[in-house]
Amino acid sequence: MAKELRREIGTFTALATVMGTVIGGGVFFKTASVVAANHSANMTLAAWILGGILTICAGLTSAELAAAIPRTGGAMRYLEYAYGKPIGFLMGWAQLLVYYPANIAALSIIFGTQWVALFHLSSAWQLPVAILCGLSITGLNFLGAKVGGSVQSIALIFKLIPIIVIVGFGLFAPANAPIHLWPITTGDHLNWGSAFSSSLLATMFAYDGWISIGNIAGEMKHPERDLPRAIIIGLAGITLIYTLVNLVFLKTLPIDLIAGNQNAAADASMRLFGQFGGKLVTIGILISVYGAINGYTLTGMRVPFAMAEEDSLPFSKYFRQLSRRTYVPYFAGSVQFVIALIMMFMGSFDLLTDMLVFVMWVFNCLIFIAVFKLRRTEPELNRPYRVPGYPVIPLIALVGGIFILATTLITETGLAVTGLILTLIGLPIYFWHQRHKTTN
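Residues numbered from 1 in each chain as written. Predicted model: local features only at pLDDT ≥ 70, side-chain atom pairs only at ≥ 80, totals over all residues. Heavy atoms only, no water.

This is how the line gets drawn: UniProt positions are given in the numbering used here, feature names are shortened, and annotations may be inferred rather than shown by experiment.
Under the annotation held in an unreviewed UniProt entry, the chain carries the name APC family permease and is attributed to Levilactobacillus lanxiensis. UniProt annotates the chain under Subcellular location (unreviewed entry) with the comment "Membrane".

In structure tokens:
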């Protein structure tokens, strides 16, 4: 008889999972991109708030499928259920080839940038430090899931410290300029629509991670009550935190020193706390980023392993191999790092994050559509949790997702096409492998 998931997770654990999954390094570094897009304090804050609202709607919508289809593999399984195996495979392929490696590469680049700034090294050290950062985390995870989990637990504490310190002190520090919340304006000579759309797109990386929220639905005591509560309170709390952090940056630094400056968090910390205090906060941010990379490394290498267990990938017999001592999918982890390494050489932080956001929002929109599809085709499907405000909430999520995709296609055409090509390469590989695979 098949074992079932045990329903042991309550409201607080679900809430901690929501906040711990989403809060990473993006809040400290995406402000530079948002401000560069609009050169406006109030538009920057509006973009972070709207990004949070869109994320709440997306989380509430996808959670319906998570509760109804509580299978290992998460979103990949929802798509497989709604559209068939090829589409589910494509999401797993995109995670393997784009999502996880791009996250690891982008955050490693940021780690290198912050390390160089902290120790006043030549910019030539940025890439070597980024490579060593990614390599060290992969090595730690090869020591076993327990080691990787311990790194994650320690980093979770440190990721909250710089946020609490920056917000706690920064809100009461003297402002360099008054911030007017209305009307929402842009800097000189900027088109309002394109500035706001680019600003919203830039926030999406910081809110990334919400798709994993529904994975715990099958283990919750009362998913119909606790899941929407955890999503609304957790993501609303994250939206508030992100808005306050950005408010502090905007109060502390002139807007021209924030735009395009990925050291803005470190610079703001130096102004607030002086050289020594600022360096301590920056070290906390570095640990937070290191932990975020660890989280993507830890979970990312298990996606191709899970796919290989079903013989869905070429070379599945290698991807499903575990090390004899630590039972870690070392081949999958090695391939993940090699792809991330190539991306470190080829892309910048913003380029990589925008590409991964675009690719994953293609699948997010398919998930939102699947909610409508299954409500119509399978009304009898057991749904322990139903998205509140149906169909308004899912429509907001879908319209927001289409807006993000359209904006990226218009403003970053090359990036979007590259992401689509890397994803769609998976289809011929899937059908070729299905035709030729053998049981190993």
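### Regarding the overall build of the chain
Put simply, the test is: Secondary structure follows DSSP: runs of H or I at least 4 residues long count as helices, runs of E at least 2 residues long count as strands, and numbering of each begins at the N terminus. Under the scheme applied here, a residue whose accessible area is under 20% of the maximum for its type counts as buried, over 50% as exposed, and between as partly exposed, the area being computed with a 1.4 Å probe on protein chains only. The contact criterion used is simple: two residues touch if any of their non-hydrogen atoms lie within 4.5 Å. In these tables, accessible area is a Shrake-Rupley quantity obtained with a 1.4 Å probe, and a residue counts as shielded only by the protein chains included in the view.
When helices and strands are tallied, the chain shows 19 helices and zero strands. Burial analysis of the chain (440 residues in total) assigns 55% to the buried set. Within the chain, contacts between residues separated by at least 24 positions form 82% of all contacts whose residues are at least 6 apart in sequence. As displayed, the chain offers around 18,900 Å² of accessible surface, 68% of which is attributable to carbon and sulfur atoms.

### Focus on the packing of aromatic side chains
Remark: the centre distance and the inter-plane angle together describe each pair of aromatic rings, the angle taken between the planes. Which entries qualify depends on this criterion: Each aromatic pair joins two rings of Phe, Tyr and Trp (for Trp, the six-membered one) with centres within 6.5 Å, and gets the label stacked for planes under 30 degrees apart, edge-to-face for over 60, and tilted for any other angle.
Summed over all chains, the structure comprises 20 aromatic pairs. Aromatic pair Phe89 and Trp93: ring centres 6.2 Å apart, planes at 25 degrees, arrangement stacked. With Phe89 and Trp93 both in helix H6 (residues 85-118) and four residues apart, the pair spans about one turn of that helix. With respect to class, Phe89 is no different from Trp93; both count as buried. With a centroid separation of 5.0 Å and an interplanar angle of 45 degrees, the aromatic rings of Phe89 and Tyr430 are classed as tilted. Placement of Phe89 in helix H6 and of Tyr430 in helix H19 (residues 426-436) is noted, with a sequence separation of 341 residues between them.

### Description of the layout of surface pockets
To be explicit about the condition: Using protein atoms alone on a 1 Å grid, points that fit a 1.4 Å probe yet trap it form a cavity, whereas open point sets bounded by protein on both sides within 12 Å along at least five of seven lines form a pocket; residues with an atom within 4 Å of a point count as lining. Grid points are joined across faces, edges and corners, and a volume is the space filled by probe spheres set on the points. Residue polarity is assigned by list, with Asp, Glu, Lys and Arg as charged and Ala, Val, Leu, Ile, Met, Phe, Trp, Tyr, Cys and Pro as nonpolar; anything else, Gly included, falls into the polar class.
Estimated volume of the second largest pocket: approximately 260 Å³. Going through the elements one at a time, helix H15 (330-346), helix H16 (349-377) and helix H18 (413-424) are the ones with two or more residues in the lining of the second largest pocket. Among the elements that take part in the lining of the second largest pocket, H15 stands out by supplying four residues, more than any other. Class assignment of the residues belonging to the lining of the second largest pocket gives a composition of ten nonpolar, two polar and no charged.

### Observations concerning the side chain of Asn141
Where we set the bar: In protein, a polar contact requires one atom able to donate a hydrogen and another able to accept it; more generally it is a pair of N or O atoms within 3.5 Å, and residues adjacent in sequence count only if both atoms are side-chain atoms.
Looking at the element boundaries, Asn141 is found in helix H7 (residues 126-142). Asn141 gets classed as buried once you look at its relative accessible area, which sits at 1%. There is a polar contact of 2.9 Å between the side chain of Asn141 and the side chain of Asn294.

### A word on the nonpolar core
Defined as follows: Only buried residues count toward a nonpolar core, which is a set of Ala, Val, Leu, Ile, Met, Phe, Trp, Tyr and Cys residues joined through side-chain atoms within 4.5 Å.
In this structure, Phe28, Tyr242 and Trp361 are the most contacted members of the largest nonpolar core, which totals 128 residues. The element contributing the most residues to this core is H6, with 19 residues. Here Phe28 is in contact with Pro162, Ile163, Ile166, Phe249, Ala265, Ile285 and Ser288, once residues within four sequence places are set aside.

### Side note on the side chain of Gln262
Within the secondary structure layout, Gln262 lies in the loop between helix H11 (255-258) and helix H12 (264-300). Gln262 sits in the buried class, given a relative accessible area of 19%. Ignoring sequence-local partners within four residues, the contact set of Gln262 consists of Phe29, Ala32, Ile110, Thr113, Gln114, Phe349 and Asp350.

### Section: the packing of H6 against helix H13 (residues 302-309)
Our working definition: Each axis is a line fitted through C-alpha atoms, taken for helices only over the stretch in contact, and angles between the N-to-C directions span 0 to 180 degrees. Oblique is the label for every angle not falling under 35 degrees (roughly parallel), over 145 degrees (roughly antiparallel), or within 65 to 115 degrees (roughly perpendicular). Two helices cross in a left-handed way if the nearer one is turned anticlockwise from the farther one by less than a right angle. They cross in a right-handed way if the turn is clockwise.
Where H6 meets H13, the axes come as close as 9 Å, and the angle between the chain directions of the two elements is 150 degrees. Judged on the interaxial angle alone, H13 and H6 are roughly antiparallel. Both H6 and H13 take part in a crossing whose hand is left-handed. Across the interface between the two elements, Phe89, Gly92, Trp93, Gln95, Leu96 and Tyr100 of H6 pack against Val303, Pro304 and Met307 of H13. Classifying every residue of the contact of H6 with H13 gives seven nonpolar, two polar and no charged.

### Here's the deal with helix H5 (residues 75-83)
Within an α-helix, residues lying three or four positions from one another point in the same direction, as the helix has 3.6 residues per turn. Extensive coverage of H5 is indicated by the burial of seven of its nine residues. Listing the buried residues of H5 in full gives Ala75, Met76, Arg77, Tyr78, Leu79, Glu80 and Ala82. Just downstream of H5, Gly84 is the residue with a positive phi angle, here 110 degrees.

### Here's the deal with H13
The set of residues buried in H13 consists of Val303, Pro304, Phe305, Met307 and Ala308. For H13, the secondary structure elements touched by its buried residues are H5, H6, H12, helix H14 (316-319) and H15.

### Some thoughts on unusual backbone geometry
Note: most residues except glycine have negative phi, and most peptide bonds are trans. Residue Pro391 follows Tyr390 across a cis peptide bond; omega there is 5 degrees. By secondary structure assignment, the location of Pro391 is in the loop between H16 and helix H17 (392-411). The phi dihedral of His39 is positive, around 50 degrees, even though this residue is not glycine. When you line up the elements, His39 lands in the loop between helix H3 (31-38) and helix H4 (41-68).

### Brief notes about the pattern of salt bridges
The cut-off we apply is this: Take a side-chain nitrogen of Lys or Arg and a carboxyl oxygen of Asp or Glu: if they are within 4 Å of each other, that pair is a salt bridge.
Taken as a whole, this structure holds six salt bridges when the rule is applied. Between Glu64 and Arg383 there is a salt bridge; the shortest N-O distance is 3.4 Å. Placement of Glu64 in helix H4 and of Arg383 in the loop between H16 and H17 is noted, with a sequence separation of 319 residues between them. A salt bridge links Glu80 to Lys85; its shortest N-O distance comes to 3.5 Å. For Glu80, a relative accessible area of 14% translates into the label buried. Judged by relative accessible area, Lys85 falls into the partly exposed class, the value being 45%. Taken together, the salt bridges that share partners define one network made up of Arg77, Glu80, Lys85 and Glu310.

### Details of a nonpolar patch on the surface
Rule in force here: Note that patches include only residues with greater than 30% relative accessible area and no salt bridge, and the join distances are 9 Å for like charges and 5 Å for nonpolar side chains (Val, Leu, Ile, Met, Phe, Trp, Tyr).
Side chains of Trp115, Phe119, Leu121 and Trp125 sit close together on the surface and give an oily, nonpolar patch of about 400 Å² of accessible area. The residue Trp115 is located in helix H6 in this model.

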